[in-house]
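Results of the structural survey
Chain by chain, the residues run as shown.
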Amino acid sequence: MKIWEKYLERKRTLYHAKYQTPQQLFDDACDIVIKCFVVCGGERMKPGYTRRNARLIFLVTDLILYLFVNLYSIAIVWGSLMDVVFCFVTLGIAIQGLAKIEAFTCPELNDLHLYNVARFKAPPRFPEVDEALFHTATMCMVFIRIFAVAFSIVAIAIYSYAILMPLIEHELSLAFGFYLPFVDYRTPVGFAINWVYQSVQVLEGCIGLMACDSCLLVLIMNATGQMDVIIVYLKQLTLLIDSNHTGQHDDEIADIIKEIVLKHLEHTKYMTNMDKLLKKQFFINFGCMIFELVASLAIVVRNEKLVEEIYNVNWYGLTTKHQKTLQQILLTSQHPVVLSDGFSPIDLFNFVEASPSAPTHCPMLGLIAAPKTTYQAQLVMAKRVEFVGNRSR
């Protein structure tokens, strides 16, 4: 935290020396976001914008094509659980992309942007207000630049992987599991066409996601900045009240209270409009994320079926050597490698609240989502396997 605070302080000092007013800094930050949107045809914050532009039409058409490509790929790889789950996950990305386009190209976004611009243009009543605005603009610029670096690294990593993968494997191998219909990626020409198509998706995805996430962060930072300004007014009100011994500040106190009420009403309206703007997008995004998570869990739950089939093997008909070999597979499958969010395993225990009838996590066997009855049966089978192994020795 101290490192972050020192970094912000250095940036504030740098921007104070570079920009004379918070408005100039905020305008530059917004210009970066607009330039990213320009690539995708979604520069709603730019005057004279219309959705009927070639870049946005191309993007929407491409995403619709991407949906059909994923459905086609699912039909092609049907039967391979890993490939099907991967196609479902990438399918959700296209749906989220369409939701973001609808949200970040609507007129309501420009209304919020114009309100923020007006806040920075208005002359500050107190020096602390100017400092609060400068802090808001600094946070916007810092996070936008961080996002730019992060998404650039992601794009470079993906392109490097896509280029190196065929060279390392010495075969025509694509980075992603979706292919254009009726274009055989195993031929040199078909591989080149599919590689270019996937590269276009990566470029549009990285730039579009950076633009949307940066724009969302600018909206949020301004919402917090509005509250910072109200806090400044409240502190000034307290100072006036404390020094108003003879009533000489009554008019100024009334005026400040009026401004506080107006700014709070504006903040409430701003938050309401932002909620209306982003509600549908958040619903679709979280819905797709949940679906992708459940689809990924199918890989983990499949491990239970593997364990059951190992239990069903006729152990008495195997030699001691084969029993020991199969027992190693059993022990490995009882402690599977599970998906993780970086902090904890992604299993049904962490995904839903536990209930008496709900599946539970068995820490002893490492099985995911095994009901208690199944767990008890597996303990019996495990003892049986151990008995057979000892008997064979």
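These numbers come from a predicted model, not from an experiment.

Considering helix α5 (residues 107-121)
Its 15 residues give α5 an end-to-end C-alpha distance of 21 Å, which sits within 8% of 21 Å, the value for a rise of 1.5 Å per residue. L109, N110, L112, H113, N116, V117, R119 and F120 are the residues of α5 that are buried.

Description of the UniProt feature "transmembrane region" (unreviewed entry) in the chain
As recorded in UniProt, the sites labelled "transmembrane region" (unreviewed entry) are residues 53-69, 142-164 and 282-301. In this annotation, residues 142-164 is assigned 100% helix and 0% strand; the end-to-end C-alpha distance for the span is 33 Å.

Re the packing of aromatic side chains
Here the distance between the centres and the angle between the planes together describe a pair of aromatic rings. Under the counting rule described, the total for this entry stands at eight aromatic pairs. Joined through ring pairs, the aromatic side chains of W4, Y7 and F143 make up one cluster.

What to know about the packing of helix α1 (residues 2-18) against helix α6 (residues 127-169)
Look at α1 against α6: their axes get within 10 Å of each other, and the N-to-C directions meet at 110°. Considering the angle they form, α1 stands roughly perpendicular to α6. Classified by chirality, the crossing of α6 by α1 is right-handed. Residue-level inspection shows W4, Y7, L8, K11, R12, Y15 and H16 of α1 in contact with α6, the latter providing E131, F134, H135, T138, M139, M141, V142, F143, R145 and I146. Of the residues that constitute the contact of α1 with α6, the class distribution is ten nonpolar, three polar and four charged.

Focus: empty space enclosed by the protein
Under the defined criterion, the tally for this structure stands at three cavities of 30 Å³ or more. Every residue along the wall of the largest cavity is listed here: I158, Y159, A162, A175, F176, W195, Q198, S199 and V202. Ranked by residues supplied to the lining of the largest cavity, first place goes to helix α7 (residues 188-242) with four residues. In terms of residue class, the lining of the largest cavity is built from seven nonpolar, two polar and no charged.

Reading the values: rules and limits
Residues numbered from 1 in each chain as written. Predicted model: local features only at pLDDT ≥ 70, side-chain atom pairs only at ≥ 80, totals over all residues. Heavy atoms only, no water. Helix = DSSP H or I, 4+ residues; strand = E, 2+ residues; numbered from the N terminus. Expected span 1.5 Å × (residues − 1). Buried < 20%, exposed > 50% of the residue type's maximum accessible area, 1.4 Å probe, protein only. UniProt positions renumbered as here; feature names shortened; annotations may be inferred. Phe/Tyr/Trp six-rings, centres within 6.5 Å; stacked < 30°, edge-to-face > 60°. Axes fitted to C-alpha atoms, helices over the stretch in contact; angles between N-to-C directions. Parallel < 35°, antiparallel > 145°, perpendicular 65-115°, else oblique. Left-handed = near helix turned anticlockwise from the far one by under 90°. Contact = heavy atoms within 4.5 Å. Nonpolar A, V, L, I, M, F, W, Y, C, P; charged D, E, K, R; others polar. 1 Å grid on protein atoms, 1.4 Å probe; cavity = no way out; pocket = protein on both sides within 12 Å on 5 of 7 lines; lining within 4 Å. Points joined across faces, edges and corners; volume = space filled by probe spheres on them.

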